Every structure is written in C-alpha cells, then in structure tokens.
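Below are the chains, spelled out letter by letter.
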Amino acid sequence: MSGWPRSTSGAVISWRHRGKYDQVMPLTVDDVDRFELSRPRLEAIAYRLLGSAEEAEDVVQETFLRWQAADVDRVEVPEAWLTKVLTNLCLNQLTSARARRETYVGRWLPEPLLAGDPMLGPADTAEQRESVSYAVLTLMERLSPNERAVYVLREAFDYPHREIAEILDITEAASQQIFHRAKKHVAAGKARTEVDQAAARRIVEEFLAAATSGQTDELVRLLTNDAISIGDGGGKVPARTKAFEGAVAVAKFLWGLFKPAEAKRAIVGGSPQIHAWAANGEPAVVAVVEGRVVAIMCLEVTAEGIAACRTQANPDKLERATEQWAATHHGEPLRTM
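For every chain, the first residue of the written sequence is number 1, and numbering continues from 1 onward in sequence order. Predicted model: local features are reported for residues with pLDDT of at least 70 only, side-chain atom pairs are reported and counted for 80 or more only, and whole-chain, interface and lining totals are derived from all residues. Only hydrogens and water are set aside when side-chain values are computed; all heavy atoms of the structure are taken into account.

**Comments concerning the layout of surface pockets**
The calculated volume of the largest pocket comes to roughly 770 Å³. Put simply, the grid is 1 Å and covers the protein atoms alone, a cavity is a trapped set of points that fit a 1.4 Å probe, a pocket is an open set with protein on both sides within 12 Å along at least five of seven lines, and lining residues have an atom within 4 Å of a point. What lines the largest pocket is a set of 34 residues, and nearest its centre among them are Val 237, Leu 257, Val 268, Ala 295 and Ala 313. Every element with two or more residues in the lining of the largest pocket is listed here: β1 (223-232), α11 (247-257), α12 (262-268), β4 (282-289), β5 (292-302) and α13 (319-326). Grouping the constituent residues of the lining of the largest pocket by class yields 24 nonpolar, 5 polar and 5 charged. Grid points are joined across faces, edges and corners, and a volume is the space filled by probe spheres set on the points. A run of DSSP states H or I qualifies as a helix once it reaches four residues; a run of E qualifies as a strand once it reaches two. Both are numbered from the N-terminal end. Residue type decides the class: Asp, Glu, Lys and Arg count as charged, Ala, Val, Leu, Ile, Met, Phe, Trp, Tyr, Cys and Pro as nonpolar, and the leftover types, Gly among them, as polar.

Set out below in structure tokens:
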C-alpha cells in the first residue's frame, strides 16, 4: 500500500476513488485514528454481509472516504455513523451482486478465510463463530439484503434492535420480525458441531485417509446420508455446477477428486500439497502449489457426520488466503498429489 496516495494526515486514499473526493479537507490525525479503531469491526461486518474479503475491503475504504468528506466534528457517535454508512453501502452492493451472480459462471460460493485472519472478527460466543462459518455464509445467500444485515448486526455483533432500526431506517418492531425470519432461514440447515484447530486437523486427516484409500465405503461412513458436494471455479477452474448429492455419490466424486492425475496438475500449475487446516471455523482441506492456495474445501461437520463439502477454487477468491498462508506457520503437508 506504500504507493497509494495519502492525505496530509497520513490517511490512505484508494487510487480507484481518487478524484471523487478531491475537494474534501484532509482529516486530522485524531480523526483518522478514530476511523482506524473502527476498521477491524467494519471489515468483519462487511465480510459477513458480502461474503467477499475483497468487496469488504472496498466498502470499508469507501466508508473512510465518506468519513473524510463529512463534517466529522458534528458526528456525535462515530461508531454508529460509520456502521450506518458501511451497512448501507453493503446493502447497495448486495443488490447489485444479485444481478451479477445471475451471470456468474457455475455455482457462486463465498470467499473462505483461513484461521487467524483478522477479518473473521469476534469469536467470543457461539453465535459469533457460527455467523462467520462457511456453511452459514452460504445459507445467508438465501436472505434478502435487509434480512442479512439485521441477522449479522444482531447475531454477530449484538447490536440492539433499536440501533439496527436506526441504521436501516426501519422500525424496531420490523427489525425484530426480520431477525426472527432470517434466523429461521439460517437455522433450516443442520445443527453444526463446533471444532477447534486440533479437532479440525483430526477430522481432515481421517477424511483424507478415507478419500485417498481407494475404498469408498470408509468415506461413506464419514458422510451423512444426504451429504452434498459443491464447488466454485468461477469459470476459470473446472467445477461441477450441479451439486453431488447423497453419501455414495459424494464419496465417488471425492475419490476421483483426490486421485493424482497429470491433467489436474496442469490445471493448477503443479503438484498440490494437501494440508489440514481450518477456514471460517470449519475443518478445511487446503491445496497449495508453490505457496499459492489453489483450493480450499470446507467440511460442514454435524453430529451425524460430514454434511457438506464446499470447495472454493476460483483463483480470484483465493488471493487473500494465499497472503494469509504465506504469513502462517503451517507445517508439512499431509500428502502431495
């Protein structure tokens, strides 16, 4: 970011927005500090709302520019002001995203974040951890923009309905109704089992051993009867548009997926090293080629077994994961394909 323009106070101004706010007065150091204190929370909200780290960074940067353009001395509660601006920018983004996803090549899945990424946000409560799980982020795609905003602000950040109503310009009663409706939609999925990093590794190790054994029976045992497997290649990497459904169908697909082949190496540019990790609080299989994350498979674990295998292979949605991977001590791979 060293090449980005800055205000006289040192605040970063994105190149893509330069010229949009050329006439605004530069912020004081204190004003910038006030914003920076809110940045982690804003990024965590935006990521949950948009399911994309890149888009989250963009709307947070746009929020900063709005902050720079505002008469900040008249803002009584900066946190509330910034949250309202950010949320409404995200609502606009979600509305346009729905139109873009109609032309998206293949199945659209959220951008996964590896364990330790600060954009995952608060993880003190079960509700906060679940709200950023890959399974829930996928389910939230079914919600309307308003439902998603109310659910995230209430469930993950514990905003009272009175404040949510002010942010979204709705009544407090409407906020409560929207939240209950959204929570019901999200709860329609299976009850997920929380796992820590150590448990995630054990699950992935057992999963990989079964998937590469050549015997699908062991893999079927680990899956729920109605397990699914879906992937997002974004039209850049082969990925099946229609989900595989049922333990037997998923097991056969996974056996073929993890079977080494020269054609697969050609697609990703080398021999993938397979690691056990966690992404969005779920056990994850991470495939890495020469330091570049080429795929992340998130495993949705329930009391009955693995209910879903969701694979992100679109290279555009793995750039942040690659940066995070490079900054993390991840040990030796479980195997190389």
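**Digging into the pairing of β4**
Burial here depends on accessible area, computed with a 1.4 Å probe over protein chains only, as a share of the maximum for the residue type. Under 20% is buried, over 50% is exposed, and the range in between is partly exposed. Extensive coverage of β4 is indicated by the burial of 8 of its 8 residues. In the sheet, strand β3 (residues 273-279) pairs with β4 via 7 bridges, with the strands oriented antiparallel. Bridged to Ile 274 within β4 is Ala 287. One bridge is not enough; two strands pair if DSSP finds at least two bridges between them. Here β3 folds back onto β4 in antiparallel fashion, the turn holding 2 residues, of which Asn 280 has a positive phi close to 55°.

**So, the pattern of salt bridges**
Each salt bridge in this description consists of a side-chain nitrogen of Lys or Arg and a carboxyl oxygen of Asp or Glu lying within 4 Å of one another. All chains considered together, the criterion is met by 19 salt bridges. The salt bridge partner of Arg 66 is Glu 62, with a shortest N-O separation of 3.1 Å. Of this pair, Arg 66 and Glu 62 both sit in helix α2 (residues 53-69), 4 residues apart, which is roughly one turn of that helix. Exposure remark for Arg 66: the relative accessible area of 34% places this residue in the partly exposed category. On the basis of relative accessibility, which here comes to 6%, the residue Glu 62 falls in the buried class. In this structure, Glu 205 engages Arg 201 in a salt bridge whose closest nitrogen and oxygen atoms are separated by 2.9 Å. One end of the pair is Glu 205 and the other is Arg 201, both in helix α9 (residues 197-211) and 4 residues apart, which spans about a single turn. In this structure, a network of salt bridges that share partners links the residues Glu 57, Asp 117 and Arg 320.

**A word on the packing of aromatic side chains**
Any two of the Phe, Tyr and Trp rings considered here, Trp counted by its six-membered ring, make a pair once their centres fall within 6.5 Å; the pair's planes then place it as stacked at under 30 degrees, edge-to-face at over 60, or tilted in between. Applying the stated criterion across every chain, the model contains 6 aromatic pairs. On the basis of an interplanar angle of 20° and a centroid distance of 4.4 Å, the ring pair of Phe 244 and Phe 253 is categorised as stacked. Judged by relative accessible area, Phe 244 falls into the buried class, the value being 19%. Phe 253 sits in the partly exposed class, given a relative accessible area of 26%.

**As for the packing of helix α7 (residues 161-168) against helix α8 (residues 172-186)**
Between the N-to-C directions of two axes lies an angle of 0 to 180 degrees, each axis being a line fitted to C-alpha atoms and, for a helix, fitted only over the stretch in contact. The interhelical angle for the contact between α7 and α8, taken along N-to-C directions, is 100°, at an axis separation of 8 Å. Considered as vectors, α7 and α8 are oriented roughly perpendicular to each other. Residue-level inspection shows His 161, Arg 162, Ile 164 and Ala 165 of α7 in contact with α8, the latter providing Glu 172, Ser 175, Gln 176 and Phe 179. In terms of residue class, the contact of α7 with α8 is made up of 3 nonpolar, 3 polar and 2 charged. Under this scheme an angle from 65 to 115 degrees is roughly perpendicular, one under 35 degrees roughly parallel, and one over 145 degrees roughly antiparallel; angles in between are oblique. Two residues form a contact once any of their heavy atoms are found within 4.5 Å.

**Quick notes on the packing of helix α6 (residues 145-156) against α7**
Two numbers describe a pair of packed helices, the interaxial angle and the distance between the axes. Where α6 contacts α7, the two axes come as close as 10 Å, and the packing angle between them is 145°. Regarding α6 and α7, the two cross each other, and that crossing is right-handed. Between α6, through Asn 146, Ala 149, Val 150, Leu 153 and Arg 154, and α7, the contact on the second element is made entirely by His 161, Ile 164, Ile 167 and Leu 168. Of the residues contributing to the contact of α6 with α7, the split by class is 6 nonpolar, 2 polar and 1 charged. Helix crossings fall into two classes, left-handed where the near helix is turned counterclockwise from the far one by less than a right angle and right-handed where it is turned clockwise.

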